[in-house]
Amino acid sequence: MSGIINSSSFAKALWPGVNAWYGKAYSEYGVEYTKLFDTFKSTRQFEEDVGVSSFGLAVSKGEGAPITYDTERQAFITRYNHVVYALGFVITREIMEDDQYDVVGQRKAQGLAFSMRQTKEIVAANVYNRAFNTSYVGGDGATLIACAGGGGSASHPNMAGGTWTNGPATAADLSEAALEQAMIDIAGFTNDRGLLISVRPKSLIIARQNIFEAKRLTAPDGRPGVDTNDVNALKGLGLIPETIVNHYLTDPDAWFIRTDVPHGMKHFERRADAFEMDNDFDTENAKFKATARYSFGWTDPRALYGSPGA
């Protein structure tokens, strides 16, 4: 919708007798995107992360034989292009003067701030929502989650050769078996030259529909779903320190495990949210606007493991 907000837009605001105005005073969820990304400041038009393909394993050297020399080189490049997000509204001077309830002025400004916050949450969550979508690929040309059972790319390429995956071989719903396999897979992550690296899970990220199943899997001391004295290995080993519910994830079956790999899920703030207003000299209309400039994405996909669900 667009247009100028005038007296006819809020005819009831000009007269006494209205008991309540509804539709604006809803509670909001707290900020959630900060749990999905690391935030950085930016002072440039865009930011680039450049990977490195490092050295391989040492090789056996015979007596009197020369040293084998290895090399390293630049690997995949990821660019973060900062996008401006903006929204505004125009109201006439007359409705501002005659509004009996302050519905148009201050409350509209609050609504604009609400829209800006929601926009940022959705833009952030869409990086996860599109993790298996081949229309959205990273610096290595693959989807964020690449595995045989994900529906996106089958694997991530290494610059030095070979491939690797960050999802299950068969798509799986959130379950004890799926989480245990994820822990095993993450512990086997390697660098670009195939050398084993230490990667630890930081959090389990789920949609609101999976909150009850996640609680059953991670909270009890005993093994979920059985009446024996088996321990809950996931909890006992402390493999999932935190469970995060993101209300902006669109696939109820998808789940993700964020790891401690640096330079993974990244958010750049080029310009913080700014709210401004001005008046048009001829019409005396008041203009209100809010703008922000930022980008969300990923550099090293080892920062995330995921499944779209069965």
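Everything in this summary refers to the structure shown in the same document.

## Some remarks on the overall build of the protein chain
Step number 1: Along the backbone of the protein chain there are 5 helices and 13 strands.
Step number 2: Within the span of the protein chain, comprising 310 residues, buried residues form 39% of the whole.
Step number 3: Within the protein chain, contacts between residues separated by at least 24 positions form 73% of all contacts whose residues are at least 6 apart in sequence.
Step number 4: Carbon and sulfur atoms make up 52% of the accessible area of the protein chain, which totals about 17,600 Å².

## Digging into the nonpolar core
Step number 1: Counting residues in each nonpolar core, the largest one holds 54 residues, and the members touching the most others are Y128, L179, L204, W255, F256, I257 and M265.
Step number 2: Only β5 (83–91), α2 (106–129), α3 (176–187), β8 (201–206), α4 (211–218), β10 (255–259), β12 (286–298) and β13 (304–307) provide two or more residues apiece to this core.
Step number 3: A per-element tally of this core places β12 first, with 7 residues.
Step number 4: The residues contacting L204, other than those within four sequence positions of it, are L174, L179, A214, I240, E242, T243, I244, W255, F256 and I257.

## Examining the pattern of salt bridges
Pairing between side chains becomes possible if they bear opposite charge and their charged atoms approach one another.
Step number 1: On inspection of all chains with the given rule, the structure shows 13 salt bridges.
Step number 2: Here R216 makes a salt bridge to E213, at a shortest N to O gap of 3.2 Å. With R216 and E213 both in helix α4 and 3 residues apart, this pair spans about one turn of that helix.

## Observations concerning the sheet that holds strand β9 (residues 243–245)
Step number 1: Pairing within the open sheet is mixed, and its 4 strands lie in the order β9-β8-β10-β13. Strand pairing shows two members of the sheet lacking a second neighbour, β9 and β13, which therefore form its edges. Strand after strand, the sheet turns through a mean of 20° between neighbouring axes, direction not considered.
Step number 2: In this structure, β10 lies alongside β13, joined through 4 bridges in antiparallel fashion.

## A look at the environment of A113
Step number 1: Residue placement: A113 occurs in helix α2.
Step number 2: Overall, A113 belongs to the partly exposed group, its relative accessible area being 29%.
Step number 3: Once the C-alpha coordinates of A113 and T291 are considered, the two residues, 178 residues apart in sequence, prove to be 9.8 Å apart.

## Some words on the pairing of β10
Step number 1: For β10, the buried fraction is high: 5 of the 5 residues fall into the buried class.
Step number 2: Residues of β10 alternate between two faces, with W255, I257 and T259 on one and F256 and R258 on the opposite face, all of them buried.
Step number 3: Relative to β10, β8 is paired through 5 bridges, and the arrangement is antiparallel. Bridge pairing in β10 links P201 to T259.

## What about the side chain of H267?
Step number 1: With respect to the helices and strands, H267 occurs in strand β11 (residues 265–279).
Step number 2: A polar side-chain atom of H267 sits 2.9 Å from a polar atom in the side chain of T39.
Step number 3: Residue contacts for H267: discarding those within four places in its chain leaves Y33, F37, D38, T39, F40, Y294, S295 and F296.

Conventions and cut-offs
Residues numbered from 1 in each chain as written. Predicted model: local features only at pLDDT ≥ 70, side-chain atom pairs only at ≥ 80, totals over all residues. Heavy atoms only, no water. Helix = DSSP H or I, 4+ residues; strand = E, 2+ residues; numbered from the N terminus. Buried < 20%, exposed > 50% of the residue type's maximum accessible area, 1.4 Å probe, protein only. Contact = heavy atoms within 4.5 Å. Areas by Shrake-Rupley, 256 points an atom, 1.4 Å probe, with all protein chains shown as cover. Core = buried A, V, L, I, M, F, W, Y, C linked by side-chain atoms within 4.5 Å. Salt bridge = Lys/Arg side-chain N within 4 Å of Asp/Glu carboxyl O. Pairing = 2+ DSSP bridges. Axes fitted to C-alpha atoms, helices over the stretch in contact; angles between N-to-C directions. Polar contact = N/O pair within 3.5 Å; in protein donor to acceptor, adjacent residues only side chain to side chain.

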